[in-house]
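Below are the chains, spelled out letter by letter.
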Amino acid sequence: MAKTIFEKIIARESPARFVYEDELVAAFHDINPQAPVHVLVVPKKPIPRIAEATQEDKELLGHLLLKAAEVAEKLGLKHTGYRLVINNGPDAGEAVPHLHCHILGGRRMHWPPG
Ligand code: AMP
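Below or above, wherever it landed, is the structure these notes cover. (Residues numbered from 1 in each chain as written. Predicted model: local features only at pLDDT ≥ 70, side-chain atom pairs only at ≥ 80, totals over all residues. Heavy atoms only, no water.)

## Quick look at the environment of Gly93
Quick note on the threshold: A helix here means a DSSP run of H or I that spans at least four residues, while a strand means a run of E at least two residues long, and both kinds are numbered starting from the N terminus. Accessibility here uses a 1.4 Å probe with only protein chains present; expressed as a share of the type maximum, an area under 20% marks a residue as buried, one over 50% as exposed, and anything in between as partly exposed.
Here Gly93 lies in the loop between β4 (82-85) and β5 (101-105). Residue Gly93 is classed as partly exposed on the basis of its relative accessible area of 47%. Between the alpha carbons of Gly93 and Gly81 there is a distance of 23 Å; along the sequence they are 12 residues apart.

## A few points about the packing of aromatic side chains
Selection criterion: Each Phe, Tyr or Trp ring (for Trp, its six-membered ring) is paired with any other whose centre lies within 6.5 Å, and the angle between the two planes then decides the class: stacked below 30 degrees, edge-to-face above 60, tilted in between.
A full pass over the atoms with the stated rule returns 2 aromatic pairs. Arranged with centres 5.6 Å apart and planes meeting at 65 degrees, the rings of Phe6 and Phe28 form a pair that is edge-to-face. Within this pair, whereas Phe6 is found in helix α1 (residues 5-10), its partner Phe28 is found in strand β2 (residues 25-29), the two being separated by 22 residues in sequence. Both residues of the pair, Phe6 and Phe28, belong to the buried class.

## Overview of helix α2 (residues 58-74)
To keep it simple, the criterion reads: Working rule for helices: expected span equals 1.5 Å times residues minus one. The arc refers to the directions leading from the helix axis to the C-beta atoms. Residue contacts are counted whenever heavy atoms from the two residues lie within 4.5 Å of one another.
In this model α2 runs 24 Å from its N-terminal to its C-terminal C-alpha over 17 residues, within 8% of the 24 Å that 1.5 Å per residue would give. All buried positions along α2 are accounted for by Leu60, Leu61, His63, Leu64, Lys67, Ala68, Val71 and Ala72. For α2, the buried positions fall inside an angular range of 165 degrees around the axis, keeping them on one side. Facing away from the buried side of α2 by over 90 degrees, the exposed positions are Lys58, Glu59 and Leu66. Tucked into the core, α2 has its buried residues touching β1 (18-21), β2, β3 (37-43), β4 and β5. In the segment just after α2, Gly76 is the residue with positive phi, at about 85 degrees.

## Examining the pattern of salt bridges
How we decide: Salt bridges are defined by distance alone: a side-chain nitrogen of Lys or Arg within 4 Å of a carboxyl oxygen of Asp or Glu.
Throughout the structure, instances matching the rule amount to 9 salt bridges. Notably, a salt bridge pairs Lys3 with Glu13, separated by 2.8 Å at the nearest N-O pair. Highlighted residues: Lys3 in the segment before α1 and Glu13 in the loop between α1 and β1, separated in sequence by 10 residues. Residue Lys3 is classed as partly exposed on the basis of its relative accessible area of 41%. For Glu56, the salt bridge goes to Lys45, with nearest N and O atoms at 3.3 Å. Placement of Glu56 in the loop between β3 and α2 and of Lys45 in the loop between β3 and α2 is noted, with a sequence separation of 11 residues between them. On the basis of relative accessibility, which here comes to 34%, the residue Lys45 falls in the partly exposed class.

Here is the structure:
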């Protein structure tokens, strides 16, 4: 399987503005931001999408969400709020088949989402 763009970023084969990294996840700014703050939190394990995750990934998924909250706080969003988004499949507009959690903040979000 060809590497996804996120695997290339994690391997430092493609550039990105990192805001956090540990042995399990990496977080970097989205290249096409949809809000004043738009960061992606990505597991280093290339799970294509949440529907493909298994019981084996339970701890990793918990870590991903906890780190998303930690990164959001680091970016100054804790008190104003922020949205976490995981797009799964075509109807959700998933563009990169490597699981990632969007952190969106710095403006008022709309509901329902478009
Ligand atoms: P999704 O629609 O949930 O699959 O989102 C994929 C996201 O990855 C989009 O918001 C893109 O702007 C973002 N993206 C694609 N390529 C890059 C890149 N090279 N660096 C950072 N973000 C990227």
